[in-house]
Amino acid sequence: MTQRFRIGGGLVDRSKTLRFKFNGMSLEGHTGDTLASALLANGRRLVGRSFKYHRPRGIFSAGPEEPNALVTLRSGSSAEPNTRATTAELFDGLAASSQNHRLSLNFDLMAVGDFLSPFLSAGFYYKTFMWPKSFWEKVYEPAIRASAGLGALSGEPDPDIYDKGFIHCDILVVGAGAAGLAAALTAGKSGASVVLADEDFQIGGRLNAETHTINGKSGTAWARDAVGELEAMENVRIMPRTTVYGSFDHGVFGAIERCTDHLPSSNGRPRQILWRIYSKRSVLCSGATERPIAFPGNDRPGIMLAASVRTYANRYGVIPGKRVTVFTCCDDGWRTASDLIDKGVRVTAVLDTRDNVNFPQVPGARVELAERVVATRGRTGLAGIKLQRGDWIETDCLAVSGGWNPNVHLSCHQRGRPRWRDDIAAFVPGGSIPEGMKIAGAASGALTLSDAIGQGRSAAAEFASDLGYRTEAESKINASDEKTGISAFWSVSGAPGRAWVDFQNDVTVKDIAVAAREGYRSSEMLKRYTTAGMATDQGKTANVLALALLAEQTGKSVAEEGTTIYRPPYTAIPIGALAGRSRDKDFRPIRYTPSHRWAESQGAVFVETGNWLRAQWYPRRGEAHWRQSVDREVSETRRSVGICDVSTLGKIEIFGRDVGEFLDRVYANTFNTLAVGKIRYGLMLREDGIVYDDGTTARLGKRHFVMTTTTANAALVYRNLEFARQCLWPDLDVHLISATDGWAQYSVAGPNSRDLLRKVVEPSFDLSKENFPFMACAETTVFGGVPSRLFRISFSGELAYEIAVPAKYGRSMMERLMSVGEEFEATPYGTEALGVMRVEKGHFAGNELDGRTTALNLGLGRMVSKKKDCIGNVLSERPELNRSDAVKLSGFKPVNRSGMLTAGAHFLSPGQDETMGNDQGWMSSVAYSPTLGHSIGLGFIARGDERRGETVRAVDLVRGKDVDVEIVSPHFYDPEGVRQRG
Amino acid sequence: MADPVLTPEPFLGGYAKKFKNAVLSEATGLSIVFVAEPPDGREELELALFEKFGLNLPRPGSSNLSANRVARIVWLAIGQYLILFEDCKGPAAHRVSAELQDTAYVGDQSDNWVALRLSGAAAEAALERICPVDVAKCAFPVGGVARTAMEHLGAIAIRESNDGFLLLSSSSSARSFLHAVQTSLNNVH
Amino acid sequence: MIIDHPLLGPRDAAEFVCLGDASLIERPDGRADDALEKFYQYQFIRDNPDGVHRELWFHEYGDRSWLVVTRNTLTHEIYNVELAREVAREMGRGR
Amino acid sequence: MRYSAWTLFKEGISGNRGWKPMWREPDPKSEYDIVVVGAGHGMATGYYLAKEFGCRSVAVLEKGWLGSGNIGRNTTIVRSNYMLPENQPFYELSLKLWEGLEQALNFNVMVSQRGIINLCHSDPQRDAFARRGNAMRLSGADAELLDRDGVRRLCPFLNFENARFPITGGLWQKRGGTVRHDAVAWGYARAADDLGVDLVQNCEVTGFLISNGTCTGVETTRGTIKAKKVGVAVAGSSGRVMARAGMRLPIESHVLQAFVSEGLKPVLPGVLTFGAGHFYVSQSDKGGLVFGGDIDGYNSYAQRGNLPTVEDVCEGGMALMPMIGRARLLRIWGGLVDMSMDGSPFIDKTHIEGLYFNGGWNYGGFKATPASGYCFAHLIARDAPHPFAAGMRLDRFRRGAAIDEKGVGAQPNLH
């Protein structure tokens, strides 16, 4: 028989039957059910196992506080471990399975741990597993790890997509129960822009779970009408299935909207959206969570929070048991009894810990005051409870109420520290709550419906008028003013057996006593030592109980004890949603060079350089190994001419009357003497005297310069230049604008580069050595009129130019360069060949500029002008940076020329022990030089400039290499620079 | 002398696509000119811009259209502006430079940017997924300019009409930017 | 966090890059006799207050202005946001 | 009481009623030989002062409860994969101390040496790792360079198929791993207490007694305490505490956020760090993925961060291992870190006689706890730096002797 625990009423749509599976068994539920309500409707009580003792556990609550009913939802790569059945919306075809057991849910082999529980008291693992020492790694830890966690990841990529978004509003209302709806209505009517977010799929909060009336309407009907009214307002946005999970500085909230979790498939739509909500004001109407009472055997399936029991009855039309008993210390617990009796459910007894209660009529139920539950029975489901007076009551559902804890979380995410209120025996928001936030309804400790509505309205009205909106007096609300009496009661003492505080992590009252006895006397220490409140439910039902018990142990009041700190997120949220779209190839944007498509058509191999993709080499038919391609590209360039896309270099256009002076201050060397039409190499230091970046700056006009930076540092150099111009020398006439992306820039290098370019630039432009020498620049045109910039600079050591055209012409330019270059057998070359040629030439690059290198280390000490005040020159003079034994950039050749060098090797003298004390430096870059026919390297070695010709060892322990190398000049190729000046 | 003139190629190949409730296309005919004020030169520049191009200097966070609607001047930073010309014949920067003479520093920025036009009822909702700045009509009227980060990319959003935006971002990452906007449009309907 | 840009209004702090103490504006004179000691203090030593802190933020994704933000490091409350260029001028910096 | 399987058994059958307090809760005396401020590294310092240097009159003062500082709010990673000669031997000493800590303290702090892999995504990154790995090997630490296949064998679940920044290899230190952080504070406290060290909780230092350039004690919320020597080890709060001694430091206080997921069955072999984004992760013995990334980047004493960093870190996580998309983030917390001008710490005397300083640990102080305590104890007891901490001086920036592993210079939020 299906759904034998289903009764009438509620908000489920009985006309729509949904089929679902739990542990492979087919079951039915209805639209409007959660997985938990549907399981209960089918009489499923045992749904999971606890973390430590593998105790049988059932559904405990009807909301996000659920500690027990955690399942793995869906399967395969879509599997979602540790999902609370109490918030998972039922859909047709849902499949869920229980977690944390061997063999089966009913018969769990790991439950043997339960019998060992006397030896597994709080912190037991800190006190053992230490002998013998080697056993920890091999035996103990693997065993502990094997029992870690509840659910498992699939191990496969998350198949869903996620999105993010940004919402701006005047007033954010968190929670759409009575207080939230009232607040949204008031704020909405004022004209303020309002966002109303609620984690539930059904707007209304506890209005849907109770039998209250407002102005004569049922709470559910009132909520439905309120939603209708709000939906008609253009300035109000209602967001169901949206959890506001965190409150951050300056009115920023994080929220997560579940878009497709209630559907069989996402169908290519984002599964969830992470919203960043920017609010001017916020009203927190997050309600309250009921807390349990600790008593021996209080963890059996069938023992539930009292208000949750009536939620199932009122909202879902489901009864969690057929003989329900209520155990309470507050008036609210009685409401469960009344509601159930009204629905015709048999309530066997109501037990109240208080001795003097003015209780309502509960026909048919035995009433016991000043009574406690001291034991329970039933292996996989509750069968009976024992009273303190000694008799047993047969019952299959025990509804427990220990009172209500306001959901203060979001009020605490900044600096708020909740404050204890004796009258309601609960913590309410306190300390410094977030700027611009008010708390209304149960979240503030206002536990009656009329108070909730009143507070919601007044908070919204005050905020609306703060923001300049007009609110009108609202009609009086006639709502229930229910009884909220309570006498705090935490645990049943003096009875044998374990009483659970944190159900999921299996923390008992005794564990708390042990911890306190051992000195863990602050609530935070207790949490860490016992793990109370550290499970997936974040202690929503356990925390306050645990610290109240600690207070009892330490002889303090709960108020003195104080709570642990509440941290975001309010409920756990998928990491995928926090990442949004940024995964796989979309992790970061891709920057393409202007010749990219051309290079693709040539079969180039690409490499990531920061966000750029650059051609690394261009394989030709018959080349089996990358080295063959690179060697050819180098040789052909040096023999005739090669072309390389160097557009990725940072380009900053600098305008103004004072640019020369400005450059003098940001570069270590002199610039104000640079003539129009000339280029100069510039070395840039950080203020601490370390080399930061280098590049060339060309003077295109009297008041117009173009600076190039390294690819990696383009954005940083720009930022630093802006700092210099705005903060250090604000009255210099200097303007900056980045032009990196605007130009396709190609290096044309090799002995035939001039001849090639003669066919490219406008015929009237004189490329001769005399007219356009090394380090000259000019604006000209190419190919009959396209504007162009021409720079005579060389990174390869050859006669070379860099020629730039607007980026849109980039591909066409590359094609043309190659076609006019055919007669010279021009070869395109990639970043590898570029690197080989720069090592041959002895140019340092990123590998050498590791942020610790001084100009002195590079052999450029004299470039740092002492005649002017520039960034970095003062601190570059500190003594340790000028030691006589400083490392110097040097070249290295293998003594045995067939030896291959490796970057990252350290230099030691022959015969020395391999110790750090003998370390003399390191190899920073290596290349196979096809020009020289052997491997070469650049590196830094102590006093390298004085040790040319000496042999040392390049020791690369992590690659198992030890190569004798000769220290040489870093300039392997054309050291006099004849070729580049040619 | 080589073969004829080089062929320019739009960064997104002249992309244009209709989405449900929105149209997204690459604005290929745009010339973009950087204009900066010399010290104490605001008044002269203001005068020159008005005389030569019919443009008024915009306030921070906004832009102005010229009387003949062919040029839009966008506030970029203190003393710095971008002028956007539709379907300009010849290099716009040269023309601006020639017209403004010494009243401004002028640089060509046309190829630094990819431009997308996004219009339609879904445009705002799509931008809401990537743009942290409030682009709702009430907060961001026609002519409004917001330079911000979208999906890790720097971008400038300009509201050209009630339901139309011009979006600029770096040209090297044009494809990633297009992908970001396309994804938004796909995700909102 | 939200930084209320003096020209552009409230913007998410994610658009900015934080550099640190606004005293970095007060770069010493490199030609002074005690320049080394002054630069050492300038570059490396910080007040690092637990309370009101004036600090430099760069509007990297916005108008590329440097701002001086006066912010409480205990509460993150922001009291004032100024253009760094104007602050620098007030401090007597010029050319 | 000594811990063993036998005590657990004995207590188990007698209802766990015989467990004794792990430490006394003494009121502070009016005078000690040595007062150590801060019970993180300071707790270790107190232990080593008593254990290794024979100091009998030692108090460790803790502002809050034991473990409330950074020792209880970090991502629990231990490793010695440093490159520079001023750092490497120090962190290797620390790792060796970790390896024997459980026996030394008779407390299981769960040192879990399941390895740490720093992933690389480019040739220059790989070469930098080789340089670092070789430096580690030269000082006696273990290091292996992995190629792509090597990484894949250990971590088949990483994004090898569709990554924006493909993994090209990694630097693997097998002896790296994690330690149960709170237990370290408890273990040191219990062992130090056993040796007579007074751990005084809820005792905030409000001032220093300084006359004629000499420190003679501290003012606290629990009264004046005189001391011949005062050592301060309050990383995160170094700025404000040392300001009470009139000192300005090469340090900024920043917030570093850390994250833990819901408990999951074991999936990670050890610690992983992403080389192309801000993300590192390990899995605790309880199953939670413990992860983190970059600091928020602005000065803060607020112990909480903001959303952009949260999202940035999770983006890195998803880029690296897209299987974690369906795992849920359970808790975010923020710790205060002393970010120094070169990313390296200080263990040094101050210009005030009798006042010693330990701080500037950036985001990496936890792994240093044993060596930091040991070397600080050495410095205080002997008035001379331990050779392995000799570079960690306060005046190094004046001299130009920065210890800049990352090479980003005097901008603390970049380290």
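Residue numbers here run from 1 along each chain, matching the order of that chain's written sequence. Chain labels run from A onward and ligand labels from 1 onward, assigned in the order the entries are written. Local features in this predicted model are restricted to residues whose pLDDT is 70 or higher, and side-chain atom pairs enter the listing and the counts only when it is 80 or higher, whereas totals over whole chains, interfaces and linings include all residues. The basis for the side-chain values is all heavy atoms of the structure; hydrogens and waters are excluded.

**Quick notes on the overall build of chain B**
Working definition: helices are DSSP H or I runs of at least four residues, strands are E runs of at least two. Numbering for both runs from the N terminus. In terms of regular secondary structure, chain B is built from four helices and 11 strands. What the globule rule says is 2.2 Å times the number of residues to the power 0.38, and the radius of gyration is computed from C-alpha atoms. Taken over the C-alpha trace, chain B has a radius of gyration of 17 Å; the compact-globule value for 189 residues is 16 Å, and the two agree within 12%. For chain B, the spread of C-alpha atoms along the three principal axes comes to 50 × 50 × 30 Å. Each residue gets one of three labels from its accessible area relative to the maximum for its type: buried under 20%, exposed over 50%, partly exposed in between, using a 1.4 Å probe on protein chains only. Counting all 189 residues of chain B, 59% fall into the buried class. Long-range pairs, those at least 24 residues apart, make up 59% of the contacts in chain B with a sequence separation of at least 6. Computed with the Shrake-Rupley method and a 1.4 Å probe, the accessible areas treat only the protein chains shown as cover for residues. For chain B, the exposed area adds up to about 7500 Å²; of that, 49% sits on carbon and sulfur atoms. The contact criterion used throughout is that any non-hydrogen atoms of two residues lie within 4.5 Å.

**Re the sheet that holds strand β34 (residues 591-592) of chain A**
All names here are of chain A. On the basis of which strands lie adjacent, the open sheet formed by three strands has the order β34-β36-β35 and mixed pairing. Each having just a single partner strand, β34 and β35 (605-609) make up the two edges of the open sheet. Here two bridges tie β34 to strand β36 (residues 612-617), and the two strands are oriented parallel to one another. The residue bridging Y592 from the neighbouring strand is L613, located in β36. Pairs of strands are assigned from DSSP output, requiring at least two bridges between the strands.

**Here's the deal with the packing of aromatic side chains**
Two numbers describe a pair of aromatic rings. These are the distance of the centres and the angle of the planes. Working definition: rings of Phe, Tyr and Trp (its six-membered ring) pair if their centres are within 6.5 Å, and the pair is stacked with planes under 30 degrees apart, edge-to-face with planes over 60 apart, and tilted otherwise. By the definition in use, this model includes 55 aromatic pairs over all chains. Taking 5.6 Å as the distance between ring centres and 50 degrees as the angle between the ring planes, the aromatic pair formed by F587(A) and F274(D) counts as tilted. Taken together, the residues F587(A) in the loop between α13 (575-579) and β34 and F274(D) in the loop between β13 (271-273) and β14 (280-283) connect one chain to another. On the basis of relative accessibility, which here comes to 1%, the residue F587(A) falls in the buried class. Judged by relative accessible area, F274(D) falls into the buried class, the value being 8%. Seen from their ring centres, F655(A) and Y105(B) are 6.3 Å apart, and the 20 degrees between their planes marks the pair as stacked. Remark: Y105(B) occurs in strand β7 (residues 105-108) and F655(A) occurs in strand β38 (residues 650-655); the pair is interchain, linking two chains. Taking the relative accessible area as the measure of exposure, F655(A) reaches 3% and is therefore buried. Overall, Y105(B) belongs to the buried group, its relative accessible area being 7%. Three or more aromatic residues link up through ring pairs in this structure, and these residues are F124(A), Y125(A), Y126(A), Y520(A), Y529(A), Y3(D), W19(D), W23(D), F107(D) and W186(D).

**Remarks on the interface of chain A and chain D**
Each side of the interface is counted separately: chain A has 122 residues, and chain D has 119 residues. The junction of chain A with chain D conceals about 10300 Å² of combined surface from both sides, 56% of it contributed by carbon and sulfur atoms. The largest share of the area that chain A buries against chain D comes from R145(A), I575(A) and M916(A), three residues that together contribute 8% of it. D160(A) serves as the salt-bridge partner of R326(D), at 2.8 Å between the closest nitrogen and oxygen. Here a polar contact means two N or O atoms within 3.5 Å. Within protein one must be a hydrogen donor candidate and the other an acceptor candidate, and residues neighboring in sequence count only if both atoms are side-chain atoms. Linking chain A with chain D are 63 residue pairs in polar contact (both at pLDDT 80 or more). Considering each element in turn, the side of chain A that touches chain D owes the most residues, six residues, to helix α2 (residues 135-146) of chain A. Note on definitions: buried area is the accessible-area loss of two parts on being combined, 1.4 Å probe, summed for both. Any Lys or Arg side-chain nitrogen located within 4 Å of an Asp or Glu carboxyl oxygen qualifies as a salt bridge.

**A short note on the sheet that holds strand β39 (residues 679-685) of chain A**
Residues and elements named next belong to chain A. Reading across the sheet, the five strands line up as β39-β40-β41-β38-β42 and stay open at both edges, with antiparallel pairing between neighbours. The sheet is open, and its two edges are formed by β39 and β42 (735-738), each paired on a single side. For this sheet the average axis-to-axis angle between neighbouring strands, irrespective of direction, equals 25 degrees. Bridge analysis of strand β40 (residues 691-701) against strand β41 (residues 704-709) gives four bridges, and the strand direction is antiparallel. By the bridge assignment, G701 is partnered in β41 with H704. Angles here are taken between N-to-C directions and fall from 0 to 180 degrees, while the axes themselves are lines fitted to C-alpha atoms, restricted in helices to the stretch in contact. Taken strand by strand, helix α17 (residues 714-728) contacts β38, β39, β40, β41 and β42, and its axis lies near 165 degrees from that of β42.

**Brief notes about the interface of chain D and chain C**
How big an interface is tends to be stated in terms of accessible area lost as the parts join. At the interface, 24 residues of chain D touch 26 residues of chain C. Both sides together, the interface formed by chain D and chain C hides about 2200 Å², and carbon and sulfur atoms give 48% of it. Per-residue buried area on chain D facing chain C is highest for R248(D), N299(D) and R398(D); these three make up 27% of the total on that side. Where chain D packs against chain C, one counts four salt bridges.

**Details of the packing of helix α9 (residues 509-517) of chain A against helix α10 (residues 523-530) of chain A**
All names here are of chain A. Closest axis-to-axis distance for the α9/α10 pair is 10 Å, and the angle between their directions is 120 degrees. Between α9 and α10, the angle falls in the class oblique. Along this stretch, α9 crosses α10, giving a crossing that reads as right-handed. Between α9 and α10, the residues in contact are D511, I512 and A515 and L526, Y529 and T530, respectively. Of the residues that constitute the contact of α9 with α10, the class distribution is four nonpolar, one polar and one charged. Orientation categories follow fixed angle ranges, with anything under 35 degrees roughly parallel, anything over 145 roughly antiparallel, 65 to 115 roughly perpendicular, and all other angles oblique. Two helices cross in a left-handed way if the nearer one is turned anticlockwise from the farther one by less than a right angle. They cross in a right-handed way if the turn is clockwise. Nonpolar residues are Ala, Val, Leu, Ile, Met, Phe, Trp, Tyr, Cys and Pro. Charged residues are Asp, Glu, Lys and Arg, and all others, Gly as well, are polar.

**As for the confidence of the model for chain C**
Confidence of the predictor at the level of single residues is captured by pLDDT, which takes values from 0 to 100. For chain C, per-residue confidence averages 97 on the pLDDT scale, and residues scoring 70 or more make up 100% of the total. On the interface metric, ipTM, the complex scores 0.97, and its pTM is 0.97.

**Looking at the packing of helix α1 (residues 42-53) of chain B against helix α2 (residues 92-100) of chain B**
Residues and elements named next belong to chain B. Interhelical geometry of α1 versus α2 gives an angle of 120 degrees and a closest axis separation of 10 Å. Of the possible angle classes, the one that applies to α1 and α2 is oblique. The two elements α1 and α2 cross, and the hand of that crossing is right-handed. Each of L45, A48, L49, K52 and F53 in α1 lies in contact with α2, whose residues at this interface are R95, V96, E99 and L100. Taken together, the residues of the contact of α1 with α2 break down into six nonpolar, no polar and three charged.

**Brief notes about the nonpolar core**
Across soluble globular proteins, nonpolar side chains show a tendency to be buried alongside one another. Ranked by internal contacts, the top residues of the largest apolar core, which has 132 residues, are L66(D), F90(D), F107(D) and W186(D). Sequence-distant contacts of L66(D), defined by excluding residues within four places in its chain, comprise M525(A), W23(D), A39(D), M43(D), A185(D), W186(D), A189(D), L199(D) and Q201(D). Core analysis: the second largest hydrophobic core is formed by 74 residues, L663(A), Y667(A), L24(C) and L394(D) among them. In this text, buried Ala, Val, Leu, Ile, Met, Phe, Trp, Tyr and Cys residues form a nonpolar core when linked through side-chain atoms within 4.5 Å.

**Regarding helix α20 (residues 831-841) of chain A**
Residue and element names in this part refer to chain A. A large share of α20 lies buried, amounting to 10 of its 11 residues. Along α20, the positions that sit buried rather than exposed are T831, E832, A833, L834, V836, M837, R838, V839, E840 and K841. Downstream of α20 by one or two residues, G842 has phi in the positive range, about 85 degrees.

**Quick look at unusual backbone geometry**
The amide bond that connects P568(A) to the next residue, P569(A), takes the cis arrangement and shows omega of -5 degrees. Turning to its location among the elements, P569(A) is positioned in the loop between α12 (558-561) and β33 (573-574). Positive phi, normally seen in glycine, also occurs at A370(A), with a value near 50 degrees. Mapped onto the fold, A370(A) is located in the loop between β20 (366-369) and β21 (373-377). Judged by relative accessible area, which is 36%, A370(A) ranks as partly exposed. Even without glycine at this site, H152(B) takes up a positive phi of about 70 degrees. Mapped onto the fold, H152(B) is located in the loop between β9 (145-150) and β10 (153-161). Take H152(B): its relative accessible area is 30%, and that puts it in the partly exposed class.

**Side note on the environment of H101(A)**
All names here are of chain A. Along the chain, H101 turns up in the loop between β7 (94-98) and α2. Along the primary structure H101 and L150 are separated by 49 residues, whereas in three dimensions their C-alpha atoms are 8.8 Å apart. If we ignore the near neighbours within four places in the chain, the residues touching H101 are R49, H54 and D108. In terms of polar contacts, H101 uses its side chain to reach the side chain of S98, at 2.7 Å.

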